[in-house]
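Summary of the model geometry
Read off the chains here:
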Amino acid sequence: MTSRRITLLDGHPAESSISRQIIETYAQAARAEGHEVRVLKIHDMDFDMDYGFGGYKNQKPLEPVLEDFLQALEWSEHFVIATPMWWGGLPAKLKGLIDRSFLPGRTFDTRVKPGTMPKPMLTGRTAHVFLTSDTPGWVFRLFYKDALAWQIKGQILNFVGFKPARLTHFTGASHPKGKTVETWLKKVARIGARAG
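Analysis parameters
Residues numbered from 1 in each chain as written. Predicted model: local features only at pLDDT ≥ 70, side-chain atom pairs only at ≥ 80, totals over all residues. Heavy atoms only, no water. Helix = DSSP H or I, 4+ residues; strand = E, 2+ residues; numbered from the N terminus. Expected span 1.5 Å × (residues − 1). Buried < 20%, exposed > 50% of the residue type's maximum accessible area, 1.4 Å probe, protein only. Pairing = 2+ DSSP bridges. Axes fitted to C-alpha atoms, helices over the stretch in contact; angles between N-to-C directions. Patch = residues over 30% accessible without salt bridge, like charges linked within 9 Å, V, L, I, M, F, W, Y side chains within 5 Å. Areas by Shrake-Rupley, 256 points an atom, 1.4 Å probe, with all protein chains shown as cover. Salt bridge = Lys/Arg side-chain N within 4 Å of Asp/Glu carboxyl O. Lys, Arg positive; Asp, Glu negative; His and termini not counted. Charge placed at Lys NZ, Arg CZ, Asp CG, Glu CD. Contact = heavy atoms within 4.5 Å. Phe/Tyr/Trp six-rings, centres within 6.5 Å; stacked < 30°, edge-to-face > 60°.

Details of helix α5 (residues 147–160)
Here α5 contains 14 residues, and its C-alpha end-to-end distance of 18 Å stays within 8% of the 20 Å for a straight helix at 1.5 Å per residue. Of all the residues in α5, the buried ones are Leu148, Ala149, Ile152, Gly154, Ile156, Leu157 and Val160. Two residues or fewer past α5, glycine 161 is found with a positive phi of approximately 125 degrees.

Side note on the sheet that holds strand β7 (residues 162–171)
The strand order β2-β1-β3-β6-β7 describes an open sheet built from five strands, whose pairing is parallel. With partners counted over all chains shown, the strands left at the sheet margins are β2 (36–41) and β7, one partner each. Shown here is a sheet whose adjacent strand axes are inclined to one another by a mean of 15 degrees, direction ignored. For strand β1 (residues 5–10) and β2, the ladder comprises six bridges, and the chain directions are parallel.

Focus: a positive patch on the surface
Taken together, the side chains of Arg166, Lys187, Arg190 and Arg194 make up a positively charged region of the molecular surface. Mapped onto the elements of the fold, arginine 194 is located in the segment after α6 (180–193).

Structural notes on the environment of phenylalanine 79
Considering the arrangement of structural elements, one finds phenylalanine 79 in strand β3 (residues 78–84). Classification of phenylalanine 79 by relative accessible area gives buried; the value is 1%. Separated by 33 residues in the primary sequence, phenylalanine 79 and aspartate 46 have C-alpha atoms spaced 21 Å apart. Discounting residues that sit within four places of it in the chain, phenylalanine 79 has contacts with Thr7, Leu9, Phe69, Leu73, Thr126, Ala127, His128, Leu157 and Phe162.

Here we look at the packing of aromatic side chains
According to the stated counting rule, one finds eight aromatic pairs in the structure shown. Plain terms: the ring middles of phenylalanine 69 and phenylalanine 102 are 6.3 Å apart, the flat faces sit at 10 degrees to each other, and that makes the pair stacked. Of this pair, phenylalanine 69 sits in helix α2 (residues 64–75) while phenylalanine 102 sits in the loop between α3 (92–101) and β4 (108–109), and the two are 33 residues apart along the sequence. For the ring pair phenylalanine 130 and phenylalanine 170, a centre distance of 6.3 Å and an interplane angle of 15 degrees mean the geometry is stacked. Here the residue phenylalanine 130 occupies a position in strand β6 (residues 125–133), and phenylalanine 170 occupies one in strand β7, the gap between them amounting to 40 residues.

Encoded structure:
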């Protein structure tokens, strides 16, 4: 198997979480197979989450940690995020990271014909999202219409060039029973070993 450059992001704002366990397990399995890995933890990232403007003409200067994040994405061939679902969406700090760093001229190009979609600038890369929640998968699909999955994969990752973007959903995360988390982490390790 060819070695890949992988950036991993623990998207849970707490210092300790299942998301962190997922990222650490994936990183260990990927490194064992010879992949190059960079691990980022949103808990350790200090930046203003509020974009603060109504358009892209005025932009806040990027804090060094946001520049480091973008450089890690540009370096990578594969991007992995582990995040919980909170209130049907992403944690505020993770959404703030995306709002502040996924900007035109860096992740997508708006210099296109009027009426056409912006061009992604992070093409040639793939992604995998590990989503934890208490919402059963069938409720997520039937009642929530996979809205968060579509947002992450389609409206964020695909939009800037990560294709394909896959999603693995682990449910019952607040109070996992027995060896549930251990089973999840075994699956994560298998995916990490193949840089999937």
